[in-house]
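# Reading the structure
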Amino acid sequence: MTDARERPVQREEHGTWPSWEFDENDENDDTSFRKLARYASLAAMQRLGLFLHGINTEKTEDTEETGQERLRLLYERLRQRAPSRNPVPFKLGRSQRIRDPEWVDRDSGNCLDLSLMFVTMCMEAGLRPYLCLRTGGDSQHAFVLVDVDPTKAELSHWPPPVSHRPTTTPDVYQLAGGLRLESEGIAIDVTLACRDQERPFSEAEEGGGREVGRGRGRGSTYIVDIVGAQSDPDLSPFSWVSPYARSAIGRRLPPRPSFTSFNSRAGLFATLKQRADAGGVIVLYGAPGTGKTLLAHQLAISVDFGCGWFLNASDRRALNYSLGEAEIDEAGAAHPGLGQGAEREVFAMLARQRLLGSSAPWVVVVDNVGVGPDRINLPQGKHPGQLVVVTTNNPAWAEQPETITLSGLDPCEVAQLLGEDAPFEGLDGSPLLIAASARFHAAVGHHWWQNGAPQPAEPWTTPGLLWAAAKPRLSIVELCTAIAMAWLPAVPLAPELLAVSLYGPSDAPADKVTEQQETELTEVENAVRRLEKLGLVDCAGGRTTMHRLFRSAVRDDMAATDSKAVAAVSQLCGNLLDAVDQPPDGAPGLEAPPVFPRDLFMDPAEDVRSIRNLLNGASPLAVTAPALYALGRMVERHDVRTAAEIFADVEAALEGQNTDAWSPATRLMVADCLRSKAREVLWARPSPLSTQQAVDWCREAIRLCALPGATAPVGRAARLAASRAEALLGLLLRVQSGRITQSKEEQLKQLRVAASALEHSIAERSALGGADSPEVDRSMFNLAGLELRLAWVDRAVPAAGHLSRAERYYEEVLRIRRRRYGSSELEEVACCVNGLALVGFYRVLLVQVPDDDRVRLLREAAEHAAEAVRIRQGLGGQADTEDSSDTVKSLALATKITLLRLDVQQRMKGPGPDARASQDVAAGYQAEYDDAYHRRTGGEDPAPQDNVSR
């Protein structure tokens, strides 16, 4: 066999790799697995410096030990590189974007991308790697199996060193019963080398062994002999990808149901496709149910291998939230704390920069826009093939030049599909209602409007009538599943999430599935299939969606006829919060299951307001307080102001209760509500009175979190809640200290208490959520500013000590943020750089240092200030003719540093005039400015200054 390192590599003129195609309707599509060999490309890896050049590949007396050491070196080299893990897992479906190695190095890669990279590294090092793919449901995962005997690398075809059975496709195997690894076989979970894990080789080997053991669960584990497959000339590896051809987006569009072909829409799609090839913006406008979203998805799937972003965009806030979520996934920057609003705004801006800076094609669907074009900032592209598709029913978009209005289907086509007795006015030509009616007829044997059923008077009543016809045919589980679909966030939901929402989370370990969980999951899967047959939901790719028209119909029916509506929604809210909340103690590095998406965005009108109104209408209110709190916690991820209003509802519901009788859960619930109120005060430029109220609320929240003897989950939650309240208390005390009219001693005491609160908060949150948690670096940044202030007012501690601590905090925050965001062109970075400039400036002013050191410190401070100015004035959204307030602050600091440098230089020249150089420069500037202003306003020209040497 030709050595893999010498084999010629196929060159692709267009540069980008095509997507991996898999027949999602054939779970035994073995040939597709074999085609993955093309993505193990030595040419694409050569620029990354991850190969082990010069390793001895000759056979030794103990080849296994030599090969194992070689494998360890390969893994450690990848771990030192610390690639980012993309949390969007690989998914068997029609197409799967495979990121080339340089793309993974630039952004992130999922388990399949990373495993293919590691397979390539093993091939170059003279080992025999096998790509393993665990399939079935949402637990799909890729890992690597390696035969560490280097002599096996020379063989054309060789079976994997594990219990296996062959498939009908050469070089593709399946794990067999027994699951026994042979002595020369080592399985590696490559994802444990990623930035958020960085586990040693021994743990990656243990993780690979666990993956082999999971082969007996749902689905199958396929094993691909990459070296053997590449011996086929038709499976030669793909080439290196030019950065200019590499796509900006790797996230696949969400799965959608099979497209229903309507003859009257054929010409429309052809027109849309022609416009899409040119790029730009296409707006699909029409009433709900006219097929806008499905048409947008069908259009998007035809662009750039069907890879792109599908974003919820009811308003500007929702769009930024979805953009931020997409960028977090794309960059592999997953962290529980990144779900909060402030961080999402940063990542939303990075997403826009990603799209605008790419020259390759991309597609972004901005779905369900509820506001006018002047109230939303769409992503932008500059090159052909970069497409934004907007779907909306807001009339403000109707007259836009990019808009295509969708009307109903032709009545003749409706009659052909549903019969001459179809209620044409009630269906109004809606593709959604027509397709749902056809499925109902196929499942039941007659139409929902037949057999004496009520006829729709208006189109908006039709979904309710279809639901009324289907409801008596539902079992209890099917009915509850439909209710859950109606009230949960309107995103594609996995059956696992539906099961948790209905039955509650299990107490079993995250990596173990109990028999009870299997039963519950099976019940939900069967219920979803029944609802799909009746036309109420759509299923694709293991996810289920319910259109907003049917969601509203189910909700209206519950509110009108079902006395248990409040209890059902309360249970859903509580269970969902438990499912998507942060992972418990003892699980560092374990990612949240993919069935619990972080982008469970709750629409402010459709979801939040309706649930809130329903729960607030209950009696007694205390019963729904936990559900309101759960709602507030979920909303807080993307809308802290609305969350604060919901938390106020919780307080009102608990008013008048005996606080001494509160359970630990109620105490923590109230503590969170108090913290939320205090945060609102801080953001509102508070008066001295309101500031003191907020301080009292924070202290009461900390007191409520004191739960001695609490069990591990409750104890962790209490510590986390208390640390958040402490961080807010530190900020409020700092604000309050600047307004105290008492002595400087009292102000200093206040600042020291604030510093102590921030320090303890940082320590607690670092222990609970990791030192790189966004909450930690925010508190650390605030503490740095507090140290700068203490350097001025704390006479008991040398200023140098406070400034050194401030410098350390700023540098650490700067390191964390540059690593997290992968960019320095952000305000979050500029403010740290500006802080370092302040530290240098204050060192010269407040600390006795030699003149040479003063010059060096001021030069460094000037460089930091100049960088802060450059970043801030280059940020988007700033008018060319106007500097932002932050830019002006950095300009002012740079000016003060320059003036101080002039004074230091004059002092170093020896005795001179009493006036400082900075005063002379300032006076000269003022005189020139006054003269220039006098000239511009038409006054008399001043006498020219004679500065010419004679």
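Residues numbered from 1 in each chain as written. Predicted model: local features only at pLDDT ≥ 70, side-chain atom pairs only at ≥ 80, totals over all residues. Heavy atoms only, no water.

Named according to an unreviewed UniProt entry, the protein chain is AAA+ ATPase domain-containing protein originating from Streptacidiphilus alkalitolerans.

For the rest of this paragraph, the subject is the overall build of the protein chain. Each helix and strand in the protein chain was counted, giving 33 helices and 15 strands. Here the protein chain, with 950 residues, has 53% of them falling under the buried criterion. Considering only residue pairs separated by 6 or more positions, the protein chain has 73% of its internal contacts joining residues 24 or more positions apart. Of the accessible surface of the protein chain, which amounts to about 42300 Å², a share of 51% is contributed by carbon and sulfur atoms. (Helix = DSSP H or I, 4+ residues; strand = E, 2+ residues; numbered from the N terminus. Buried < 20%, exposed > 50% of the residue type's maximum accessible area, 1.4 Å probe, protein only. Contact = heavy atoms within 4.5 Å. Areas by Shrake-Rupley, 256 points an atom, 1.4 Å probe, with all protein chains shown as cover.)

Looking at the secondary structure, you find Ile282 in strand S9 (residues 280-285). Classification of Ile282 as buried rests on a relative accessible area of 0%. As for Ile282 and Ile404, which are separated by 122 residues in sequence, their C-alpha atoms are 7.5 Å apart.

Moving on: the pattern of salt bridges. Taken as a whole and judged by the stated rule, the model has 47 salt bridges. Here Arg99 and Asp113 are joined by a salt bridge, their closest N and O atoms 2.8 Å apart. Placement of the pair is Arg99 in the loop between strand S2 (95-96) and helix H4 (101-106) and Asp113 in helix H5 (residues 111-124), with a sequence separation of 14 residues. Each member of the pair Arg99 and Asp113 is classed as buried. With a closest N to O distance of 3.0 Å, Arg719 and Glu764 form a salt bridge. You can see Arg719 sitting in helix H26 (residues 712-737) and its partner Glu764 sitting in helix H27 (residues 744-769), a full 45 residues away along the chain. (Salt bridge = Lys/Arg side-chain N within 4 Å of Asp/Glu carboxyl O.)

Attention shifts here to the packing of helix H8 (residues 266-278) against helix H9 (residues 292-301). One can describe the packing of H8 onto H9 by two numbers: an axis separation of 10 Å at closest approach and a directional angle of 50°. Between H8 and H9, the angle falls in the class oblique. Considering how the two elements wind past one another, H8 and H9 form a crossing that is right-handed. Along the contact surface, H8 presents Leu268, Phe269, Leu272, Lys273 and Ala276, while H9 presents Leu295, Gln298 and Leu299. Residues belonging to the contact of H8 with H9 are distributed by class as follows: six nonpolar, one polar and one charged. (Axes fitted to C-alpha atoms, helices over the stretch in contact; angles between N-to-C directions. Parallel < 35°, antiparallel > 145°, perpendicular 65-115°, else oblique. Left-handed = near helix turned anticlockwise from the far one by under 90°. Nonpolar A, V, L, I, M, F, W, Y, C, P; charged D, E, K, R; others polar.)

Counting residues in hydrophobic clusters, the biggest one holds 82 residues, and the most contacted among them are Trp487 and Leu536. The element contributing the most residues to this core is helix H22 (residues 625-635), with eight residues. Setting aside chain neighbours within four positions, we find Leu536 in contact with Arg439, Leu466, Trp467, Ala470, Leu531, Met546 and Phe550. Ranked by size, the runner-up nonpolar core spans 64 residues in total, among them Leu728, Leu783, Val829 and Leu838. (Core = buried A, V, L, I, M, F, W, Y, C linked by side-chain atoms within 4.5 Å.)

This paragraph deals with the packing of aromatic side chains. Under the definition given, this model contains 13 aromatic pairs. Between the aromatic rings of Trp20 and Phe33, the centroid separation amounts to 6.2 Å while the plane-to-plane angle is 45°, which identifies the pairing as tilted. With a gap of 13 residues between them, Trp20 in strand S1 (residues 20-21) and Phe33 in helix H1 (residues 30-34) connect regions that are remote in the sequence. Take Trp20 and Phe33: they sit in the same class, and that class is buried. Ring plane angle 90° and centroid distance 5.4 Å describe the contact between Trp792 and Tyr842, whose orientation is recorded as edge-to-face. Note that Trp792 is positioned in helix H28 (residues 774-793) and Tyr842 in helix H30 (residues 827-846), a separation of 50 residues in sequence. Taking relative accessible area as the criterion, Trp792 reaches 42% and is therefore assigned partly exposed. Among the residues examined, Tyr842 registers a relative accessible area of 16% and is labelled buried. (Phe/Tyr/Trp six-rings, centres within 6.5 Å; stacked < 30°, edge-to-face > 60°.)

End to end, helix H32 (residues 885-908) covers 35 Å across 24 residues, agreeing with the expected 34 Å (1.5 Å per residue, within 8%). Buried within H32 are the following residues: Thr887, Ser890, Leu893, Ile897, Leu900, Asp903 and Val904. Buried residues belonging to H32 abut H30, helix H31 (851-874) and helix H33 (917-936). (Expected span 1.5 Å × (residues − 1).)

Looking now at unusual backbone geometry. Generally, phi is negative for residues other than glycine and the peptide bonds are trans, each holding for most cases. Backbone geometry places Asp171, a non-glycine residue, at a positive phi of 70°. Positionally, Asp171 belongs in the loop between strand S5 (164-166) and strand S6 (172-175).

Bringing H9 into the picture now. For H9, the tally of buried residues reaches seven of ten residues, placing the bulk of the element in the interior. Every buried residue belonging to H9 is among Lys292, Thr293, Leu295, Ala296, His297, Leu299 and Ala300, and all of these are buried. Residues of H9 that are buried in the fold lie against H8, S9, strand S10 (309-312), strand S11 (362-369) and strand S12 (386-392).

A separate point is the sheet that holds S12. Pairing within the open sheet is parallel, and its five strands lie in the order S10-S11-S12-S9-S13. Each of the sheet's edge strands pairs with one partner strand only, and the pair in question is S10 and strand S13 (403-405). In this sheet, neighbouring strand axes are inclined to one another by 20° on average, regardless of whether the strands run parallel or antiparallel. Note that S11 and S12 share six bridges and pair parallel. Paired with Val369 across the strands is Thr392, a residue of S12. Packing of H8 onto the sheet brings it into contact with S9, S12 and S13, and relative to S9 it is tilted by some 155°. (Pairing = 2+ DSSP bridges.)

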